[in-house]
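Analysis of the macromolecular model
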Amino acid sequence: MVLNLSPISSPTVAIKSDRAIAIAYGFVCHTLFTVGVGTMIVAMFFGMSCSFGHVPAHWSVLCNALLLAQFPFLHSLLLSPFGAAILNRLAPAVIASRMATTTYAIVASVQVLLLFALWTPSGVVWWRAVGAGFWFIVCFYAGAWLLLLKAIWDAGLALQTGFLGWWAVANSRTPQYPLMPATGLFRIVRQPIYVAFALTLWTVPTWTPDQIAVALTLTAYCLVGPLLKERRFRQRFGRTFLAYATQVPYWLPWPRPVSNRNDLSIYGAAADWWGGTTRWLRTLHNLVPTRFAFFDQVVGDWQGKAVLDLGCGGGFMAAALKERGARVTGVDPSESAIAAARRHAEANDLEIDYLVGRGERLPFGNGVYDIVVCVDVLEHVKDLNRVIAEIRRVLNPHGLLLFDTINRTWIASFLMVTIGENIIRLLPRGAHDPALFIRPQELARNLEVAGFDVGRFVGMGPCGLNRRFDFVFRLLATTAVQYLGAARAKR
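Quick caveat, the model's predicted, so the values are computed rather than measured. (Residues numbered from 1 in each chain as written. Predicted model: local features only at pLDDT ≥ 70, side-chain atom pairs only at ≥ 80, totals over all residues. Heavy atoms only, no water.)

**Structural notes on the overall build of the chain**
Scanning the chain from terminus to terminus reveals 17 helices and 10 strands. Here the C-alpha radius of gyration of the chain, 32 Å, is well above what a compact globule of 491 residues would show, namely 23 Å. With the C-alpha coordinates aligned to their principal axes, the bounding extent of the chain is approximately 95 × 55 × 40 Å. Residue burial in the chain is summarised as follows: out of 491 residues, 50% are buried. Considering only contacts within the chain whose residues lie at least 6 apart along the sequence, 75% involve residues at least 24 apart. Counting every atom, the chain has about 23,600 Å² of accessible surface; 64% of that belongs to carbon and sulfur. (Helix = DSSP H or I, 4+ residues; strand = E, 2+ residues; numbered from the N terminus. Rg over C-alpha atoms; globule rule 2.2 N^0.38 Å. Buried < 20%, exposed > 50% of the residue type's maximum accessible area, 1.4 Å probe, protein only. Contact = heavy atoms within 4.5 Å. Areas by Shrake-Rupley, 256 points an atom, 1.4 Å probe, with all protein chains shown as cover.)

Below is the structure:
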């Protein structure tokens, strides 16, 4: 951006006095910026143990606390409407609004200089790197500063360093603010400047009580301060920023935000349900034996039972039900999943009726099924009570509902979404919405209201890996993550 700005035009184009003031402000701005950043680099390199502050010991803690507090407080205040009014008084009125970025950079540089130059060291050094470890940490420290420079460049070097304001006035024009940053490091996180700055605080080769105080305070600001910045971005860029925020995480590069949670299109997009080439489909298949380890205990003999596999997908459970002698119907809203299930049934001479349909409105009469099997479904439906009511309707008197689902706990959200979807990618990203997970007591209450006698719930979870390094599952004593259950319809 700096390179693309036009050079200063001839004296006849701009008012000479304004240009002279702007150039003077620019000189002050960049001098203070350079000195302030240089002082910060050196002071933190020595763990805040070397500085010019010499306040008596009984006052030094208070003075250091005030120096530390003034930076985040004033830094954020000047970005508010009230702060903008203050900045406008720090330059001649005729150019004040155009000089805002420069005056802001001047104030911020003075703040940095005050904090790191006037800090009164405690005199205590906890740890100092030596030998090869020293150079190793120094490389990390330098890397953190280079990362900060890259983030500043991506955000707009002219804007971040105060160049934009005084250069615009010197050219007698309005500052051309850059577009919302969304390239470079801003593709990875929304706040790379704050992240990089926090890294500089924690990669120093010398650690003292002074450094830990500075690192903790300024890191906290780096976590909270950007929220104010994002509020301004929402006001200025509107939907552009909101769309960007749904795709890029706030502070850490993972987990990446997913704009479409509970994305049921993944089941329709799955092309190879039975070929064994897709890991998450193999995982779904591996759940089948564990489900039957519980369901077989409840049912006993499946032979001749009319069974509806609700949300059958590609037919994993339906095929296993047919092998147990049941008369099986499979229903799923995904046409492609039903097509895959039909191809598998035809290829293996399995007489299974597969239909496209939804749990909210089942295409069957009343009381036509002995058993409804509903696995990997309840945590995906938007109207749980409607689905339960439909299940009750199609079950005959004393008919049986067998199900599994996911508990709405922090550990379930962490394991299923953060780990399962975002880190190890065991499941497609966006497959689940933790808000739709169901606590066992809630599900039991809903089933009772719908006319069911609720049986026991049993936990389920991974117990190891097979030869393809896919998870295999077993019944567990805890229902904190996944659980199975059974409920019988009342007359």
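**So, the packing of helix 7 (residues 192–202) against helix 8 (residues 209–237)**
Remark: helix 7 packs on helix 8, axes separated minimally by 9 Å, with the N-to-C direction vectors making an angle of 175°. Judged by the inter-axis angle, helix 7 sits roughly antiparallel to helix 8. Where helix 7 approaches helix 8, its residues Tyr194, Phe197, Ala198, Leu201 and Trp202 are matched on the opposing element by Gln211, Ile212, Val214, Ala215, Leu216, Leu218, Thr219, Tyr221, Cys222, Pro226 and Lys229. Broken down by class, the residue content of the contact of helix 7 with helix 8 amounts to 13 nonpolar, 2 polar and 1 charged. (Axes fitted to C-alpha atoms, helices over the stretch in contact; angles between N-to-C directions. Parallel < 35°, antiparallel > 145°, perpendicular 65-115°, else oblique. Nonpolar A, V, L, I, M, F, W, Y, C, P; charged D, E, K, R; others polar.)

**Brief notes about the sheet that holds strand 10 (residues 482–489)**
Taken in spatial order, the 8 strands of this open sheet run 5-4-3-6-7-10-8-9, and their pairing is mixed. Both edges of this open sheet fall to strand 5 (353–356) and strand 9 (471–476), since each of them pairs with a single strand only. Each strand axis lies, on average, 20° off the axis of its neighbour in the sheet, ignoring direction. For strand 4 (residues 327–332) and strand 5, the ladder comprises 4 bridges, and the chain directions are parallel. The partner of Val331 across the bridge, within strand 5, is Leu355. (Pairing = 2+ DSSP bridges.)

**Regarding unusual backbone geometry**
In this structure, Asp349 takes a positive phi of about 55° despite not being glycine. Here Asp349 is to be found in the loop between helix 14 (335–347) and strand 5. Phi is positive for His398, which is not a glycine, with a value near 70°.

**Section: helix 17 (residues 440–449)**
For helix 17, every residue scored as buried is listed here: Pro440, Leu443, Ala444 and Leu447. Angularly, the buried residues of helix 17 cover 100° about the axis, an arc narrow enough to put them on a single face. In this structure, the buried side of helix 17 is in contact with helix 15 (384–394), strand 7 (395–406), strand 8 (452–465) and strand 10. Positive phi shows up at Gly451, right after helix 17, with a value of about 105°. (Arc of directions from axis to C-beta.)

**Quick look at the pattern of salt bridges**
Applying the stated rule across the entire model yields 10 salt bridges. A salt bridge links Asp404 to Arg291, with the shortest nitrogen-to-oxygen separation between them at 2.6 Å. Of this pair, Asp404 sits in strand 7 while Arg291 sits in helix 12 (residues 288–299), placing them 113 residues apart in sequence. Overall, Asp404 belongs to the buried group, its relative accessible area being 3%. The class for Arg291 is buried, based on a relative accessible area of 5%. The closest approach of N and O atoms between Glu360 and Arg358, which form a salt bridge, is 3.8 Å. (Salt bridge = Lys/Arg side-chain N within 4 Å of Asp/Glu carboxyl O.)

**Structural notes on the state of the cysteines**
On inspection of all chains with the given rule, the structure shows 0 disulfides. In this structure Cys50 is a free cysteine whose sulfur lies 19 Å from that of Cys63, the closest cysteine sulfur available. Taking relative accessible area as the criterion, Cys50 reaches 44% and is therefore assigned partly exposed. (Disulfide = S-S within 2.5 Å.)

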